Amino acid sequence: MSVVTVQLGQCGNQIGHEVFNALCSDIHGTHGLCSKKENESYHDCCKERFFCKEESGAPIARAVLVDMEPKVISQTLSMAARSGHWKYNSHSHFCQKQGSGNNWANGYSVHGPRHKEAIMNLVQKEAEKCDRLGGFFTIMSMAGGTGSGLGAFVTQCLRDAFPTSFILNHVIWPYGTGEVIVQNYNSVLTLSHLYQSSDALLVHENDVIHKICAQLMNIKQISFRDVNQVIAHQLGSVFQPTHTAGEGSGYSRNPLGDLMETLVPHPEFKLLGLRNIPQMPENSLAYSTFSWPGLIKHLRQMLIANAKMEEGIDWQVRPPHPGSSIPSTNKPLHFNTSIANLVILRGKDVHDVDLGSFQDPSLYTSWLNPQDAFNAWKTPRAFNKYEKSASLVSNSQFLLKPLDSIVGKAWNMFASKAYLHQYTKFGIQEEDFLDCFTTLEQVISSYTNL
């Protein structure tokens, strides 16, 4: 089944480009480490998911590019075409000249309705090219104006136009120190609106990815491109084909549907986090060996201690003892309770890996059976030059602190009416803000009480 990617704003377009790059370089890699037949079906499955077949020349990404200023889109189109491995459809993009000025309300209330028809026509055309449409994957930042405001508007339009398709929003959480003075407002408005129309939000935090670049990738001068490549690698490690548990021999049919089915058992809990190990500079790979038990042990501790990367994990954190009926307030400090987890293994000997430690009932909330809460997908084909790699997509309390912090900062600004006039002039009233705060307070409360 095919996925249509919608790249929104500067951040969405730059990350989208890196994602297609990562998928393509993985397909063209000679490091499959698996049988020829396996490799071929992996190829075909990836191409059907993310690319249209082109009679002559490079495959074309199933993507719609949207931005309110032309610069980034024209750079993205030409970089893809120059790569020689793939390209964007030259008619599947929409841009204007004026930008959204980092104002969510401008993107949502002005640009959205004004350009709805043109943008949705492009999406409709991409959807019609799919033999079987699996759903939509949108990529956007929360801090700016176009990605966040227009992104929230377009997500609502997708929900209206395709009521039965899956929608996964990939959201970039802003740096804590902040690039934009009103980023907390923009973030609160984005999250609360996406919570109404999306099936799930897959979140990457800029601060975390920055740390991975510095500490694991040893990059001295970190650029946005470095950050985006790490994000793209992590996304590729989830969306490239795998065998799901009940599939028999074929690759999983619908990556988005399978993801929602395994990870979102209740509409109140839609926040997904992603971790991937190992991660290291390409030139170190040749000198490194990894064992599955070691990777699994690290991944599990990263989950329960809420560590975002394999360095600096707190090994003191333990799950609560089974059978101890302590109320959730007395849980061990820093313990990260999960609703559902998905582990994805790629590479050598995947079928012998013991994942029993992830089925421990004490990792999960009491209202779900651990057998239902945990799933594993596997493929013997290695990913992006890593002989063995493991990814964890987790619906857990991982975002509670950042979410609480952003809502708190936005509320403090709102209480003193700072910058509100910039939003009211585009029709976003104080009541709209209050509705958004209520929605997110409810999300925080639900995740806290797991």
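Residues numbered from 1 in each chain as written. Predicted model: local features only at pLDDT ≥ 70, side-chain atom pairs only at ≥ 80, totals over all residues. Heavy atoms only, no water.

**A look at the overall build of the protein**
- Secondary structure summary: the protein contains 14 helices and 13 strands in total.
- Taking 22 Å as the expected radius of gyration for a compact globule of 450 residues, we find that the protein reaches 21 Å, a close match to that expectation.
- Across its three principal axes, the protein shows a C-alpha extent of roughly 65 × 60 × 45 Å.
- The buried share of the protein, taken over its 450 residues, is 60%.
- In the protein, of all internal contacts separated by at least 6 residues, the share reaching a separation of at least 24 is 81%. (Helix = DSSP H or I, 4+ residues; strand = E, 2+ residues; numbered from the N terminus. Rg over C-alpha atoms; globule rule 2.2 N^0.38 Å. Buried < 20%, exposed > 50% of the residue type's maximum accessible area, 1.4 Å probe, protein only. Contact = heavy atoms within 4.5 Å.)

**Brief notes about the confidence of the model for the protein**
- Confidence in the prediction for the protein averages 89 pLDDT; 96% of positions are at 70 or higher.
- A low-confidence stretch, residues 325-330 stays under pLDDT 50, and its non-local contacts, those more than four residues away or across chains, total 3 contacts. (pLDDT = per-residue confidence, 0-100.)

**Considerations on the pattern of salt bridges**
- Per the counting criterion, the structure on display carries 9 salt bridges.
- As a salt-bridge pair, Asp 26 and Arg 381 come within 3.2 Å of each other at their nearest N and O atoms. One end of the pair, Asp 26, is in helix H1 (residues 9-28); the other, Arg 381, is in the loop between strand E12 (374-379) and strand E13 (388-396), and 355 residues separate them in sequence. Arg 381 matches Asp 26 in its accessibility class, with the two residues each being buried.
- A salt bridge links Asp 360 to Arg 300, with the nearest nitrogen and oxygen atoms 3.2 Å apart. With Asp 360 in the loop between strand E11 (338-347) and helix H11 (370-373) and Arg 300 in helix H10 (residues 292-304), the pair connects residues that are 60 residues apart, well separated along the chain.
- Taking the relative accessible area as the measure of exposure, Asp 360 reaches 21% and is therefore partly exposed. (Salt bridge = Lys/Arg side-chain N within 4 Å of Asp/Glu carboxyl O.)

**Concerning the sheet that holds strand E5 (residues 87-88)**
- Spatial ordering of the open sheet is given by E2-E3-E5, a layout of 3 strands whose pairing is mixed. Each edge of the open sheet is held by one strand with a lone partner, namely strand E2 (51-52) and E5.
- Strand direction decides the pairing type here: E2 and strand E3 (residues 60-61), joined by 2 bridges, are antiparallel. Its bridge partner lying in E3, Cys 52 is registered against Ile 60. (Pairing = 2+ DSSP bridges.)

**Thoughts on the nonpolar core**
- Within the largest apolar cluster, 142 residues are counted, with the highest numbers of intra-cluster contacts made by Leu 271 and Phe 358.
- Setting aside chain neighbours within four positions, we find Phe 358 in contact with Ile 296, Leu 299, Arg 300, Leu 303, Val 343, Leu 363, Tyr 364, Phe 374 and Leu 392. (Core = buried A, V, L, I, M, F, W, Y, C linked by side-chain atoms within 4.5 Å.)

**Examining the side chain of Gln 183**
- Relative to the helices and strands, Gln 183 resides in helix H6 (residues 183-197).
- With near-sequence residues (within four places) excluded, Gln 183 lies in contact with Met 142, Ala 143, Pro 174, Tyr 175, Gly 176 and Gly 178.

**Some words on empty space enclosed by the protein**
- In this structure the tally under the stated criterion is 1 cavity of 30 Å³ or more.
- The calculated volume of the largest cavity comes to roughly 120 Å³.
- Lining the largest cavity are Val 203, His 204, Glu 205, Val 208, Ile 209, Ile 212, Gln 234, Gly 273, Leu 274, Arg 275, Lys 308 and Phe 398.
- Elements represented by at least two residues in the lining of the largest cavity include exactly strand E9 (200-205), helix H7 (206-216) and strand E10 (271-277).
- Among the residues making up the lining of the largest cavity, the classes are represented as 6 nonpolar, 3 polar and 3 charged. (1 Å grid on protein atoms, 1.4 Å probe; cavity = no way out; pocket = protein on both sides within 12 Å on 5 of 7 lines; lining within 4 Å. Points joined across faces, edges and corners; volume = space filled by probe spheres on them. Nonpolar A, V, L, I, M, F, W, Y, C, P; charged D, E, K, R; others polar.)

**A word on the sheet that holds E9**
- Taken together, 10 strands build an open sheet; the order of strands is E6-E4-E1-E7-E8-E9-E10-E13-E11-E12 and the sheet is mixed. Strands at the two margins of the open sheet, each flanked by one partner only, are strand E6 (93-95) and E12. Averaged over all adjacent pairs, the angle separating strand axes in this sheet is 20°, with direction ignored.
- Pairing of E11 with E13, which is carried by 9 bridges, proceeds in the antiparallel orientation. Its bridge partner being in E13, Val 343 is matched across the sheet by Leu 392. (Axes fitted to C-alpha atoms, helices over the stretch in contact; angles between N-to-C directions.)

**Quick word on unusual backbone geometry**
- Going from Ile 277 to Pro 278, the amide bond is cis rather than trans, its omega being -10°.
- Relative to the helices and strands, Pro 278 resides in the loop between E10 and H10.
- With phi around 55°, Asn 218 is a residue other than glycine that occupies positive phi space.
- Its place among the elements puts Asn 218 in the loop between H7 and helix H8 (224-239).
- A residue is classified by how much of its surface remains accessible, and Asn 218, at 46% relative accessible area, is partly exposed.

**A closer look at the packing of H7 against H8**
- At a minimum axis separation of 9 Å, H7 and H8 run at an interaxial angle of 100°. With respect to H8, the element H7 is oriented roughly perpendicular. Residues Asn 206, Ile 209, His 210, Ile 212 and Cys 213 of H7 lie in contact with H8, whose contacting residues are Asp 226, Val 227, Val 230, Ile 231 and Gln 234.
- Class assignment of the residues belonging to the contact of H7 with H8 gives a composition of 6 nonpolar, 3 polar and 1 charged. (Parallel < 35°, antiparallel > 145°, perpendicular 65-115°, else oblique.)

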